Amino acid sequence: MKVERKCKIVSKEQMGDAVYMVLEAGDMVRTSFRAPGQFVHVKCGEGLLLRRPISVCTCYSDEPSDLLTIVFEVRGEGTDWLARRPVGHSLDVLGLAGNGFTMKEEKAIIVGGGIGIPPMLELAKQLSCEKTVVLGYRDELFLKDEFESYADVVVATEDGSCGTKGTVIDAIKEAGVDGKVIYACGPMPMLKALAEYAEAHDMEAQISLEERMACGIGACLGCICKTKKKDHHTNVNNQRICKDGPVFDAKEVVFS
Ligand code: FES
């Protein structure tokens, strides 16, 4: 059950181009956590009506208050407002929302690209089977040490300053990473390439999509993506990223 809470910012730090925040979330994790890959919908600004969807990086059930970590980049007025909130400020947060990853007990490749890296940390923490993490950075590394507490980590950078110079697919090939299931979050070209790679290698791929959202509860149809499966709600081949996703089977997604 998704709940609306006042969540106090207990710490905040800059992490590369992104902002890392720890929030006290009341009983939000205890009452609405279903799987890694869910997001929270955060009200950004007094005057702004729209909430911003932000992926959960890690979450902890705890008494008297659960903890959530979120990581986001400043991309506009709303996230700029959010980034400037001080420690101690209480945010209006709706969550945990959406459907996360379906965790399989099969050898896994966990892939994160750019700002799609943080949402994969909780999955790396919770997935108990054999796994390798592949992280794609533009240049500056972040969260690599945290991932290394849970799995072997392979890195790709655009500028070649660390690991493989190139894409996460280049890194998978160069390091000989294999598995049965790919779990991924990151930019659309990366997800498309992983979907094709998975299909060519007879692997399953679960991908987390990102979209601007308005209602965040499946009502406005403002966050649709084209899929091969009909949405029972609209009876067309669209799915709502906020409600049906954000994680989809890559085979269902129609990449434009
Ligand atoms: Fe309204 Fe997804 S944001 S349906």
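See the structure above.
Here the structure is a predicted model, which is why all the values come from computation and not from measurement. (Residues numbered from 1 in each chain as written. Predicted model: local features only at pLDDT ≥ 70, side-chain atom pairs only at ≥ 80, totals over all residues. Heavy atoms only, no water.)

Draft legend 1. Local environment of the packing of aromatic side chains. One pass over the full model with this rule turns up 2 aromatic pairs. Between Phe101 and Tyr183, the ring centres sit 5.9 Å apart and the planes meet at 80°, which makes this aromatic pair edge-to-face. Taken together, the residues span a long stretch of sequence, with Phe101 in the loop between β6 (90–97) and β7 (108–113) and Tyr183 in strand β11 (residues 181–185) at a distance of 82 residues. When its relative accessible area of 3% is taken as the criterion, Phe101 is described as buried. For Tyr183, a relative accessible area of 0% corresponds to the buried category. (Phe/Tyr/Trp six-rings, centres within 6.5 Å; stacked < 30°, edge-to-face > 60°. Helix = DSSP H or I, 4+ residues; strand = E, 2+ residues; numbered from the N terminus. Buried < 20%, exposed > 50% of the residue type's maximum accessible area, 1.4 Å probe, protein only.)

Draft legend 2. Inspection of the side chain of Asp244 at higher detail. You can see Asp244 is positioned in the loop between β14 (238–240) and β15 (247–249). For Asp244, the side chain forms a polar contact with the main-chain nitrogen of Arg240, separated by 2.6 Å. (Polar contact = N/O pair within 3.5 Å; in protein donor to acceptor, adjacent residues only side chain to side chain.)

Draft legend 3. Structural detail: the pairing of strand β8 (residues 131–137). Of all the 7 residues making up β8, 7 are buried; the element is thus mostly covered by neighbouring parts of the structure. The two faces of β8 match: Lys131, Val133, Leu135 and Tyr137 on one face and Thr132, Val134 and Gly136 on the other face are all buried. Relative to strand β9 (residues 152–157), β8 runs parallel, the two sharing 6 bridges. Its bridge partner being in β9, Leu135 is matched across the sheet by Val155. (Pairing = 2+ DSSP bridges.)

Draft legend 4. Looking closely at the pattern of salt bridges. Per the counting criterion, the structure on display carries 18 salt bridges. Across the pair Asp92 and Arg51 runs a salt bridge, and its minimum N-O distance is 2.9 Å. One end of the pair, Asp92, is in strand β6; the other, Arg51, is in strand β4 (residues 51–60), with 41 residues separating them in the sequence. Residue classification places Asp92 among the buried residues on the basis of a relative accessible area of 12%. (Salt bridge = Lys/Arg side-chain N within 4 Å of Asp/Glu carboxyl O.)

Draft legend 5. Expanded view of the sheet that holds β7. Taken in spatial order, the 7 strands line up as β10-β9-β8-β7-β11-β12-β15 in an open sheet, and their pairing is mixed. Only two strands of the sheet have a single partner each, and these edge strands are β10 (164–165) and β15. Direction of pairing for β11 relative to strand β12 (residues 204–208): parallel, over a ladder of 5 bridges. Opposite Tyr183, over in β12, you have Gln206 as the bridge partner. The strands that helix α6 (residues 188–200) touches are β7, β11 and β12; relative to β11, the one it contacts most, it runs at about 175°. (Contact = heavy atoms within 4.5 Å. Axes fitted to C-alpha atoms, helices over the stretch in contact; angles between N-to-C directions.)

Draft legend 6. Representation of unusual backbone geometry. The residue after Glu63, namely Pro64, is reached through a cis peptide bond having omega -5°. The step from Gly95 to Leu96 runs through a cis peptide bond, and the omega angle for that step is -10°. Within the secondary structure, Leu96 is located in strand β6. Positive phi, normally seen in glycine, also occurs at Leu143, with a value near 65°. Within the fold, Leu143 resides in the loop between β8 and α4 (144–148).

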